[in-house]
Amino acid sequence: MITLLLMNKIKATILNIQNIDNLNIVEFDFNSIKLKMMSLELKEGITIGKKVILTVKPSHISLAKNLEGNLTISNKIDATIEEIIDGELLSLYKIATHDTILESIFTYSCSKEMSLKKGEEITLLIKASDLSILEILDD
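It should be emphasised that the depicted structure is a prediction, and the values quoted were computed from it without experimental measurement. (Residues numbered from 1 in each chain as written. Predicted model: local features only at pLDDT ≥ 70, side-chain atom pairs only at ≥ 80, totals over all residues. Heavy atoms only, no water.)

## Points about the overall build of the chain
When helices and strands are tallied, the chain shows 1 helix and 10 strands. Going residue by residue from the N terminus, the α and β elements of the chain occur as β-β-β-β-β-β-β-β-α-β-β. The 139 residues of the chain split such that 39% are buried. In the chain, once contacts between residues fewer than 6 apart in sequence are set aside, the share between residues at least 24 apart is 66%. Approximately 8400 Å² of the chain is accessible, and the part contributed by carbon and sulfur atoms is 50%. Between the centroid of the 15 positive side chains of the chain and the centroid of its 20 negative side chains there is a distance of 1 Å. (Helix = DSSP H or I, 4+ residues; strand = E, 2+ residues; numbered from the N terminus. Buried < 20%, exposed > 50% of the residue type's maximum accessible area, 1.4 Å probe, protein only. Contact = heavy atoms within 4.5 Å. Areas by Shrake-Rupley, 256 points an atom, 1.4 Å probe, with all protein chains shown as cover. Lys, Arg positive; Asp, Glu negative; His and termini not counted. Charge placed at Lys NZ, Arg CZ, Asp CG, Glu CD.)

## A look at the side chain of T123
Along the polypeptide, T123 turns up in strand β9 (residues 121–126). The class of T123 is buried, set by a relative accessible area of 10%. Polar contacts involving the side chain of T123 include one to the side chain of D78, which spans 3.4 Å. (Polar contact = N/O pair within 3.5 Å; in protein donor to acceptor, adjacent residues only side chain to side chain.)

## Here's the deal with unusual backbone geometry
In this model, N31 sits at a positive phi of 50 degrees, which is unusual for a non-glycine residue. With respect to the secondary-structure elements, N31 resides in the loop between β2 (23–30) and β3 (33–39). Residue classification places N31 among the partly exposed positions, given a relative accessible area of 34%. If you check the backbone angles, H98 has positive phi at about 55 degrees while not being a glycine. Here H98 is to be found in the loop between β7 (90–97) and β8 (100–107).

## As for the sheet that holds strand β5 (residues 62–64)
Reading across the sheet, the 5 strands line up as β5-β9-β6-β7-β8 and stay open at both edges, with antiparallel pairing between neighbours. Two strands close off the open sheet at either side, each with one partner strand: β5 and β8. For this sheet, the mean angle separating the axes of adjacent strands, direction not counted, is 45 degrees. Two strands pair when backbone bridges link them, and β7 and β8 are joined in this way by 8 bridges, in the antiparallel orientation. Paired with I95 across the two strands is L102, which belongs to β8. (Pairing = 2+ DSSP bridges. Axes fitted to C-alpha atoms, helices over the stretch in contact; angles between N-to-C directions.)

## What about the environment of S132?
Along the chain, S132 turns up in strand β10 (residues 132–136). Sequence spacing of S132 and E82 is 50 residues, and the spatial spacing of their C-alpha atoms is 24 Å. Dropping the residues within four chain positions of it, S132 is found in contact with M37, I53, L54 and T55.

## A closer look at the pairing of β7
For β7, a buried count of 6 out of 8 residues is recorded, marking the element as mostly surrounded by other parts of the structure. As paired strands, strand β6 (residues 75–86) and β7 are joined by 6 bridges and run antiparallel to one another. When the sheet's bridge partners are listed, D86 is paired in β7 with S91. What sits between the antiparallel neighbours β6 and β7 is a turn of 3 residues. From the end of β7 to the start of β8, which pair antiparallel, there are 2 residues, and H98 there has a positive phi angle of about 55 degrees.

## Focus: the environment of D130
If you trace the backbone, D130 turns up in the loop between β9 and β10. Exposure remark for D130: the relative accessible area of 21% places this residue in the partly exposed category. Remark: the alpha-carbon pair of D130 and A96, spanning 34 residues in sequence, is separated by 19 Å. Apart from the residues within four sequence positions on either side, D130 is in contact with T55, V56 and H60.

None of the figures reported here should be taken as evidence of function without further support.
Next comes the structure, spelled out in structure tokens:
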């Protein structure tokens, strides 16, 4: 049986906020990596320069090996596979990037097809619509 985090947590700083009507695009700095979030609503207190905890479900993080070309996915993070736990139907990947461990979960058949190994360098892919602000940190 696979036990996973309910949500991944990423500590970041708000760099920019674009707003048109009810749509917001928020840009963050995560260890010199720019991340983007798309949101219809923003909580009070979300301002440029604020430190936040971002969150994304493990099922919303995709992995890419030997990634080339352009994608419509805003968030691409280089990382290293720390651990692979295979279940009968699903595989759980624990991935390290800078000082953060994230989890990705997907089908066992996809895991075997990709032949990923512990220690391998990969790229995490997160759609802007799958990233959200969990918490605003005090300065």
